[in-house]
Amino acid sequence: MLERFQFGTPIKTGAVVEEISISNKELPFFEIKKEENKIHFLYSLGDKDKIYGLGEQIRGINKRGWTYTSYCADEGYHTEGRHSLYGAHNFLIINGKDTFLVFFDYPGKIIFDLGYTHANEIEITMEYADMDCYIITEDIEHGKLEKLVNDFRHLIGRSYIPPLWAFGYQQSRWGYKNEKDILEVMQKHREQKIPLDAIYLDIDYMERFKDFTIHPERFPDMKKLVETLKKEHIHLVPIIDAGVKVEKGYSVYEEGVEKGYFCEGEEGIFTAGVWPGFVHFTDFMNPEASKWFGNQYKTLFEMGIEGFWNDMNEPSMFYSLEGLKEVCEVASQMDWENFDLNHFLTLQAKVNVIANKEEDHKHFYHNIEGQKIPHNKVHNLYGYYMTRAAKMAMEEYDEKKRMLLFSRSSYIGMHRYGGIWTGDNKSWWSHIKLLVQMMPSLNMCGFLYTGADIAGFSDDVTQDLMARWMAFTIFVPLMRNHSEVGARRQEVYQFDNCKEISNFIKFRYRLIPFLYSEFIKSALWNQMYMKPLSFSFENDEMACSVEDEILLGDTLLLAPVYEQNALGRYIYLPEDMKEVRLKADGKIEQKVVEKGHHYLEVPEEELVFFIRKNKMLILGEEAEWTDEKIYEKLTIIAYIEDKCEYVLYQDDGISTEYEKPEHFKKICVERNENGEIVVTENGGFSDIHILE
Ligand code: GLC
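Reading guide: rules and limits
- Residues numbered from 1 in each chain as written.
- Predicted model: local features only at pLDDT ≥ 70, side-chain atom pairs only at ≥ 80, totals over all residues.
- Heavy atoms only, no water.
- Helix = DSSP H or I, 4+ residues; strand = E, 2+ residues; numbered from the N terminus.
- Rg over C-alpha atoms; globule rule 2.2 N^0.38 Å.
- Buried < 20%, exposed > 50% of the residue type's maximum accessible area, 1.4 Å probe, protein only.
- Areas by Shrake-Rupley, 256 points an atom, 1.4 Å probe, with all protein chains shown as cover.
- Lys, Arg positive; Asp, Glu negative; His and termini not counted.
- Charge placed at Lys NZ, Arg CZ, Asp CG, Glu CD.
- Near = heavy atom within 4 Å.
- Polar contact = N/O pair within 3.5 Å; in protein donor to acceptor, adjacent residues only side chain to side chain.
- Nonpolar A, V, L, I, M, F, W, Y, C, P; charged D, E, K, R; others polar.
- Contact = heavy atoms within 4.5 Å.
- Pairing = 2+ DSSP bridges.
- Axes fitted to C-alpha atoms, helices over the stretch in contact; angles between N-to-C directions.
- Salt bridge = Lys/Arg side-chain N within 4 Å of Asp/Glu carboxyl O.
- Phe/Tyr/Trp six-rings, centres within 6.5 Å; stacked < 30°, edge-to-face > 60°.

(A) Spatial organisation of the overall build of the protein chain. Across its full length, the protein chain carries 14 helices and 41 strands. For 692 residues, the compact-globule estimate of 2.2 N^0.38 gives 26 Å, and the C-alpha radius of gyration of the protein chain, at 25 Å, lies within 12% of that figure. With 692 residues in all, the protein chain has 61% of them scored as buried. Accessible surface, the protein chain: about 26,700 Å² in total, of which carbon and sulfur atoms supply 46%. For the protein chain, the separation between the mean place of its 78 positive charges and that of its 115 negative charges on side chains is 2 Å.

Below, the structure is given as structure tokens:
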């Protein structure tokens, strides 16, 4: 059952696509406390209750035992002690004495104290009592958790589907500063036969970091560069930042000012500092301004560009003009002749607090249907609306063609317009595990096209870390290697173990027919691409507490290694499964492993995963980029006792007619009287063979 409860006068966010009438009953499960403007929702937990949800957040799959803040943050330290990351995904699934999903459609700041202050109490606090709250419960015995997600996803609408090429391997780095650097990346991948589908442009391609401009000396002919790369089947994907540079003569700035499209501050247009220096922020809450910003992308569509990443859209601010003035004021009043440690510390303290200051959010405004609304009340919508603006422009440009689009900041609802990447992680072992834990939570709220910067954005990667990152992320939809200027170079060809890492990437391309099928079916049928073990093994207490293994659909179990110098890792298998091992020489070994606890040896150059009982994995052919060739010959690896069927999804990878019946190709295999596995239905693929 799905019910909607309304408090006060909510701001419309567009998170939900179904019109649900407002219930006049009392909100179930929660006790409500009001104090001045604030509202608190209290729930008492059973000892063994588990809490899932919150999408992009730190810590485990089970979120119990910490306090999380939903307030989109430019947070470069994804450590246990933090409370917010870039997205705000305000939903929880409680599983225990009661089982339900709750979604607070509220675009301001929310604090989720999930058994932190009091071990058995949830307290959810909002600054203003204006919101829609949705509660979903299920009246079924088994499969409740999956059904809750399914109903929730139905409520919030179908997830964004990128083109097929976006499932290929992608290379990025902040620091590719000109055409030559980009061409070198292309050549090195092609020469060394490391598959590749996209190269990214970070802020250096712009002229002094001005959105929708191209640096004339560094990239003298962008259109030609796009064409050159396309001949090699590589897509160029530029970054777009939220802030528009303040500069006389820059047409985007001038037009935005003239038309009144930027957010107003207390006195005139609000000004902050990001990469270009002073910037203004487009008021995406104003539909006209939003459309105008979206239209700017067309300059790049015209050059043949078909993919973008939207950044700094929390929005991130290194300082506000007011904050900077305060620092200057303090500095100017200092007694420079007697400048001592105290002076220095005072100045340092002042500088340290001006970035992303919440107080600043109260002093700039959005125009929502003629009303002036302070930013803090709608902060969590900013990246979402920026990305929606880009997606609308893409659709207007060519509604029949899919483009690639993902964002750093997000809110539920944005999952319909684009994907997300998980921001500035680090070349740390713990960040592999963090991604394993975050993927299911993101999938629960519709963010399917997602992934982390492979091998870590900042800090220096080691070659074993690189290999282990790859071994997990070949299963992740957005597979992009990205790093920061100044960090160790981490293109695959920089390492002594390049061949071993390339083997993993090559295997990724063989996995694409399966991964793409899993992805599209998850999007179309509102399912999870990656899910916690507890969602499929709800009565197995051990499986329900596993934090570092996940399922990919109903077919695979993934248990990556995330410790340096480890020979392998401990695993728990909730049922007998087939272990599949890709050896360094490309050979695939298989064996059945019994249910229970095991130590799994995984040398750094090998890849190991598991297939569930009566399930099959369909592999395609190796390729250097995503194209038809992948489907020419299919190989089935199956763990079959009697029989199994799989729906392989295949379309042209670019158009938007997802639901044509001919895209869904049924493949069936069974074990015959002689004990051999045979294909009984081939889905129209003539070249299928079974690997035993
Ligand atoms: C931000 C982004 C990062 C990008 C950098 C420079 O830190 O998260 O991915 O490389 O800005 O544009």
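(B) Here's a closer look at the site of the ligand. In the vicinity of the ligand, 13 residues are found, and the nearest of them are Asp-202, Asp-311, Arg-408, Asp-424 and His-482. Within the contact set of the ligand, an oxygen atom lies 2.9 Å away from a side-chain nitrogen or oxygen of Arg-408. One of the side-chain N or O atoms of His-482 is found 3.0 Å from an oxygen atom in the ligand. Residues of the shell around the ligand, tallied by class, amount to eight nonpolar, one polar and four charged.

(C) Region of interest: the side chain of Thr-213. Among the structural elements, Thr-213 can be located in the loop between β13 (198-201) and α3 (222-231). Judged by relative accessible area, which is 13%, Thr-213 ranks as buried. A polar contact is formed between the side chain of Thr-213 and the backbone oxygen of Lys-210, at a distance of 2.6 Å. Those residues in contact with Thr-213, other than ones at most four positions away along the chain, are Tyr-205, Met-206, Glu-207 and Tyr-250.

(D) Structural context of the sheet that holds strand β39 (residues 664-671). As summarised here, the arrangement of the three strands in space is β38-β39-β40, forming an open sheet in which the pairing is antiparallel. Looking at which strands have only one partner, the edges of the open sheet turn out to be β38 (643-649) and β40 (677-682). Neighbouring strand axes in the sheet, compared pairwise and without regard to direction, differ in orientation by 25° on average. One ladder, built from seven bridges, connects β38 with β39; its direction is antiparallel.

(E) View of the pattern of salt bridges. Going through the model one piece at a time under the given rule, you end up with 42 salt bridges. For Lys-177, the salt bridge goes to Asp-181, with nearest N and O atoms at 3.2 Å. For Asp-453, the salt bridge is made with Arg-480, and the minimal N-O distance between the two is 3.0 Å. You can see Asp-453 sitting in strand β26 (residues 453-454) and its partner Arg-480 sitting in strand β27 (residues 479-481), a full 27 residues away along the chain. In this pair, the class of Asp-453 matches that of Arg-480, namely buried. Overlapping salt bridges bring together Asp-74, Asp-311, Glu-314, Arg-408 and Asp-424 as one network.

(F) Structural detail: the packing of aromatic side chains. All told, the structure shown has 54 aromatic pairs when counted by the stated rule. Ring geometry for Phe-212 and Phe-293: centres 5.3 Å apart, planes at 70°, overall edge-to-face. Pair noted here: Phe-212 is in the loop between β13 and α3 and Phe-293 is in helix α5 (residues 287-296), with a separation of 81 residues, a long-range link. The same class applies to Phe-212 as to Phe-293, namely buried.

(G) Summary view of the pairing of strand β37 (residues 634-639). With six of six residues buried, β37 is to be regarded as a mostly interior element. Both faces of β37 are covered, namely the face carrying Leu-634, Ile-636 and Ala-638 and the face carrying Thr-635, Ile-637 and Tyr-639. Looking at chain direction, strand β36 (residues 615-619) and β37 are connected through five bridges and run antiparallel. Looking across to β37, one finds that Leu-619 is bridged to Thr-635.

(H) Summary view of the side chain of Glu-606. As for its placement among the helices and strands, Glu-606 is situated in the loop between β34 (596-601) and β35 (607-611). Only 3.2 Å separates the side chain of Glu-606 from the side chain of Lys-583, close enough to count as a polar contact. Non-local contacts of Glu-606, meaning those with residues more than four positions away in its chain, are made with Phe-504, Arg-581, Leu-582, Lys-583 and Ala-584.

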